[in-house]
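Topology and contacts: notes
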Amino acid sequence: MAARTIAVMSLDLMELLPAAWREVIRPHLDPDTLGALNAFVDEEYQARSVYPPLPDLFQAFRLCSPDDARVLILGQDPYHKEGQAHGLSFSVRPGVSVPPSLRNIFKELGDDLGGAPRTGGDLSDWAAQGVLLLNSVLTVRAGSPASHAGRGWEHFTDAAIKALDAKPSRVVFILWGAYARKKAALVTQPQHVVLEAGHPSPMNPRGFLGSRPFSAADKALADAGLPPIRWS
């Protein structure tokens, strides 16, 4: 009796992506680069501990549709410690200690806009208001920061930025740190606004605190007839 062949389904990132994002991102993707990324991410999730957990991989896209997106905050790659990353840049799960960079973001938020201080690090409420909390690299090996850089994620998330740049309505692109600021070149349409500053990490002694990004973003939205974000 012939041995039965069992087909093994590989990971298809585009199928995991919400349909609305799939439609606007696909025109900006190279199929070969995407295929290599699929294979790499599939192997990493099967063989290693990878963050965020696969169900949270595209959480930023699920919480913020392309039609609703009006602000982008770009991070580099996910937190690499267990229980932190949940698919949103700079954000951590409810109940998790607020990391140092996010503490600086909250300090700047208080200095910029006042109001009640944020105590938890879950930024899902920002995402639900149209803030795309995107990392340039969407996965990371446990305990190994930047371990998935240069494997194709940058191409994928650049495609998301290009899709936002193609929107006729204003998007405010908030780019913190040298790595994120390089992405300003992808924003080509005059209706958009790019806000640049230093990285919020405490290792960066200047360039972020005092940059007032939240009030600047709200002003840019108001100038385009769009409502502000409830940041606090």
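Residues numbered from 1 in each chain as written. Predicted model: local features only at pLDDT ≥ 70, side-chain atom pairs only at ≥ 80, totals over all residues. Heavy atoms only, no water.

Right, let's get into the nonpolar core. With 69 residues, the main nonpolar core has Phe61, Ile73, Trp126, Trp153, Phe156 and Trp231 as its most contacted residues. When residues in this core are grouped by element, the largest group, 6 residues, is from helix α7 (residues 153–165). (Core = buried A, V, L, I, M, F, W, Y, C linked by side-chain atoms within 4.5 Å. Buried < 20%, exposed > 50% of the residue type's maximum accessible area, 1.4 Å probe, protein only. Helix = DSSP H or I, 4+ residues; strand = E, 2+ residues; numbered from the N terminus.)

On to the side chain of Asp112, then. With respect to the secondary-structure elements, Asp112 resides in helix α5 (residues 100–113). Although Asp112 is buried, it makes no salt bridge; Arg212 carries the closest opposite charge, 4.2 Å away. In this structure the side chain of Asp112 is engaged in a polar contact, spanning 3.0 Å, whose partner is the backbone nitrogen of Phe214. Non-local contacts of Asp112, meaning those with residues more than four positions away in its chain, are made with Arg212, Pro213, Phe214 and Ser215. (Lys, Arg positive; Asp, Glu negative; His and termini not counted. Salt bridge = Lys/Arg side-chain N within 4 Å of Asp/Glu carboxyl O. Polar contact = N/O pair within 3.5 Å; in protein donor to acceptor, adjacent residues only side chain to side chain. Contact = heavy atoms within 4.5 Å.)

Here we come to the sheet that holds strand β5 (residues 172–176). Taken in spatial order, the 4 strands line up as β3-β2-β5-β6 in an open sheet, and their pairing is parallel. A strand with exactly one partner marks an edge of an open sheet, and here the two such strands are β3 (131–135) and β6 (193–197). Between one strand and the next, the sheet's axes are offset by a mean angle of 20 degrees, whatever the strand orientation. Two elements, strand β2 (residues 71–75) and β3, share 5 bridges in a ladder whose sense is parallel. Along β3, the bridge assignment pairs Gly75 with Asn135. (Pairing = 2+ DSSP bridges. Axes fitted to C-alpha atoms, helices over the stretch in contact; angles between N-to-C directions.)

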